[in-house]
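# Architecture and fold: a report
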Amino acid sequence: MQPRPQHGFRPVFCTIVPPHVLDKLAQSDDPDLAGPARRTLEGDAARRTRRQMTTLVPSVRTVPVGAESDKPERTLYDCRHGTQLPGFKVRSEGEQPTQDASVNRAYAGLGATFELLLKAYDRRSIDGNGLPLIGSVHYDEKYNNAFFDGQQMVFGDGDGEIFLDFTVAIDVIAHELTHGLTQYTANLSYFGQSGALNESMSDVFGSLVKQYSLGQTADQADWLIGAGLLAPRVQGEALRSMRAPGTAYDDDVLGKDPQPASMEDYIHTTEDNGGVHLNSGIPNRAFCLLATALGGNAWERAGQLWFDVLTGGRLAADADFSDFARLTVEAARDRYGEGDEREAVRKAWSEVGVPSA
Ligand SMILES: [Zn+2]
């Protein structure tokens, strides 16, 4: 039995494109770039406020005895460029692909996330209880974002100038769903270092879903978040780089990727919930260093340790980086003894300047 969040918890409202990127874009002199960015920012701000005022009731779906499902239960909707959710139902679980590539990509991405959790970690969906996965595509006009609202995934088409269709990146889909996993387990507060850990969990498992679905080892993985999402005119390869935070893009319109790669460059700010999408670069890099040092498939040993800590019940909601680091060292000892894994975990944290003792 998985621990359930307290009745009436408030879900994180995370959009994959953080506000600092859209702010920059909204300042462009080109109205074709600034317009959609402003609209996206205004829409996101309104949804964030609504979210803070609404208290969601967690799913209490009961799976009948003997029907413990090893299959996802996906439903896809088309918003037809409106903002009414979920929109028109276009594909249910087990149905054939539709003519719409966005629908089919979202369906596949939800399925890949379900599969990694089940096959690698024996967890049934994000709540551990087979929670149905719902996605809506073609949200709004030129909407430059994707988000999980605590109940479902929502994807925009992008403005076509800076951002492309948000269903193209499987790690973006998995990033958002991982916010659901975190919400149902450690429920890390979405502020400061615990917020940056929350973001990092989503990048870690987002990247692991991509690596698992492509059958890539840690050495073969690109360790990028949102590769393929930036339009060809943008100077950059993705939204974030886990291997080299701060290097994902450097563009006239978007500016330079501001993520720090170690504690030396930690960003103290009140923006972005205390820099949750900025300082997440530090634990992201620690994970990438560990997975690369251990070699093989990153979702096996490195991913298992992060999953153990996230779901193990000892990670406090307000944990900071070193609390988390210490628990990963303990998880390595619990699972693999006093061997190489534990030493590799210590070394990875030490390279990014986070104490783990
Ligand atoms: Zn996020």
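### Notes on the coordination of the zinc ion
Within the protein, the atoms that donate to the zinc ion are Cys-14 (SG), His-175 (NE2), His-179 (NE2) and Glu-199 (OE), at distances of 2.1 Å. Coordination geometry of the zinc ion: the four donor atoms subtend angles of 92 to 129° at the metal centre, consistent with an arrangement described as tetrahedral. In the primary sequence, the donor residues of the zinc ion line up as C-x160-H-x3-H-x19-E. Taken together, the residues span a long stretch of sequence, with Cys-14 in strand β1 (residues 14–15) and Glu-199 in helix α5 (residues 192–214) at a distance of 185 residues. Exposure class is identical for Cys-14 and Glu-199. Each is buried.

### A few points about the confidence of the model for the protein chain
Residue-level pLDDT values for the protein chain average 92, and 92% of them are 70 or greater. Per-residue pLDDT stays below 50 along residues 1–8; that stretch engages in 18 contacts with residues further than four places along the chain or on separate chains. For residues 54–58, every residue scores under 50 in pLDDT, and the model assigns this stretch 17 contacts once sequence neighbours within four places are set aside.

### A few points about the pattern of salt bridges
Going through the model one piece at a time under the given rule, you end up with 18 salt bridges. Between Glu-115 and Lys-119 there is a salt bridge; the shortest N-O distance is 3.6 Å. With Glu-115 and Lys-119 both in helix α3 (residues 101–121) and four residues apart, the pair spans about one turn of that helix. For Glu-115, a relative accessible area of 34% translates into the label partly exposed. The class for Lys-119 is exposed, based on a relative accessible area of 56%. Between Arg-124 and Asp-122 there is a salt bridge, and its shortest N-O distance comes to 3.4 Å. Given the relative accessible area of 16%, Arg-124 is considered buried. Judged by relative accessible area, which is 55%, Asp-122 ranks as exposed. Put simply, Asp-70, Asp-122 and Arg-124 are held in one network by salt bridges that share partners.

### Observations regarding helix α4 (residues 170–184)
In this model α4 runs 21 Å from its N-terminal to its C-terminal C-alpha over 15 residues, within 8% of the 21 Å that 1.5 Å per residue would give. Summarising burial for α4: 14 of the 15 residues are buried, a large majority.

### Points about the sheet that holds strand β4 (residues 133–137)
Think of a sheet as strands paired side by side through backbone hydrogen bonds, with each pair either parallel or antiparallel. If you walk across this open sheet you meet the six strands as β1-β5-β6-β4-β2-β3, and the pairing is mixed. Because the sheet does not close on itself, it has two edges, and the strands there are β1 and β3 (88–92). Relative to strand β6 (residues 153–155), strand β5 (residues 146–148) runs antiparallel, the two being bridged by three bridges. Following the sheet pairing, Phe-147 is matched in β6 by Val-154. Docked against the sheet, α4 engages β1, β4, β5 and β6, running at close to 20° with respect to β5.

About the criteria used
Residues numbered from 1 in each chain as written. Predicted model: local features only at pLDDT ≥ 70, side-chain atom pairs only at ≥ 80, totals over all residues. Heavy atoms only, no water. Donors = N, O, S within 2.8 Å, 3.2 Å for Na, K, Ca; no water. Tetrahedral: all angles 85-135°; square planar, octahedral: opposite > 155°, others 65-115°. Helix = DSSP H or I, 4+ residues; strand = E, 2+ residues; numbered from the N terminus. Buried < 20%, exposed > 50% of the residue type's maximum accessible area, 1.4 Å probe, protein only. pLDDT = per-residue confidence, 0-100. Contact = heavy atoms within 4.5 Å. Salt bridge = Lys/Arg side-chain N within 4 Å of Asp/Glu carboxyl O. Expected span 1.5 Å × (residues − 1). Pairing = 2+ DSSP bridges. Axes fitted to C-alpha atoms, helices over the stretch in contact; angles between N-to-C directions.

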